[in-house]
Amino acid sequence: MKAFLLTLAALVLLSQVTSGSAEKCWNLRGSCREKCIRNEKLYIFCMSGKLCCLKPKFQPNMLQR
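This structure is a prediction, so every number in the text was calculated from the model and none was measured.

A. Representation of unusual backbone geometry within the structure. You will see that W26, though not glycine, has its phi angle at about 50°, which is positive. Despite not being glycine, N27 shows a phi value in the positive range, around 55°. For N27, the location among the structural elements is in the loop between strand 1 (24-25) and strand 2 (30-33).

Written as structure tokens, this is what we have:
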């Protein structure tokens, strides 16, 4: 029983420690985050409500009229 509780506690701690998000957006080129990092831009929102952050090489060209 002690081994089970120790394993369960370790799994709970590991799930809290993992950083980042595996959720992808913008044809798998963007990352869903709470806040975009340096040089990234926001164009759309993810399904989870987070920001879809794109690196400069994947940012779309905006048409200006």
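Structure's up, so let's keep going.
B. How the structure looks around the pattern of salt bridges. The full count for this structure, using the stated rule, is 1 salt bridge. A salt bridge links E40 to R33; the nearest nitrogen and oxygen atoms lie 2.6 Å apart.

C. Broad picture of the sheet that holds strand 4 (residues 51-54). In spatial order, the strands read 1-2-4-3; together these 4 strands make up an open sheet with antiparallel pairing. Among the strands making up the open sheet, the edge pair consists of strand 1 and strand 3 (41-45). Looking at chain direction, strand 2 and strand 4 are connected through 3 bridges and run antiparallel. Bridging from a neighbouring strand, S31 pairs with C53 of strand 4.

D. Focus on the state of the cysteines. Applying the stated criterion across every chain yields a total of 3 disulfides. Two residues share a disulfide in this structure: C25 and C52, whose sulfurs sit 1.9 Å from each other. Handedness of the C25-C52 disulfide follows from its S-S torsion of about 95°: it is right-handed. In this pair, C25 is assigned in strand 1 and C52 in strand 4, connecting sequence segments 27 residues apart. In this structure, C25 and C52 share a single accessibility class: buried. Disulfide partner of C32: C46, at an S-S distance of 2.0 Å. In this structure, the disulfide formed by C32 and C46 twists by about -100° around the S-S bond and is classed as left-handed. In this pair, C32 sits in strand 2 while C46 sits in the loop between strand 3 and strand 4, placing the two residues 14 residues apart along the sequence. Sequential numbering of the bridged cysteines in the protein chain gives the disulfide pattern 1-5, 2-4, 3-6.

The rules we used
- Residues numbered from 1 in each chain as written.
- Predicted model: local features only at pLDDT ≥ 70, side-chain atom pairs only at ≥ 80, totals over all residues.
- Heavy atoms only, no water.
- Helix = DSSP H or I, 4+ residues; strand = E, 2+ residues; numbered from the N terminus.
- Salt bridge = Lys/Arg side-chain N within 4 Å of Asp/Glu carboxyl O.
- Pairing = 2+ DSSP bridges.
- Disulfide = S-S within 2.5 Å.
- Buried < 20%, exposed > 50% of the residue type's maximum accessible area, 1.4 Å probe, protein only.

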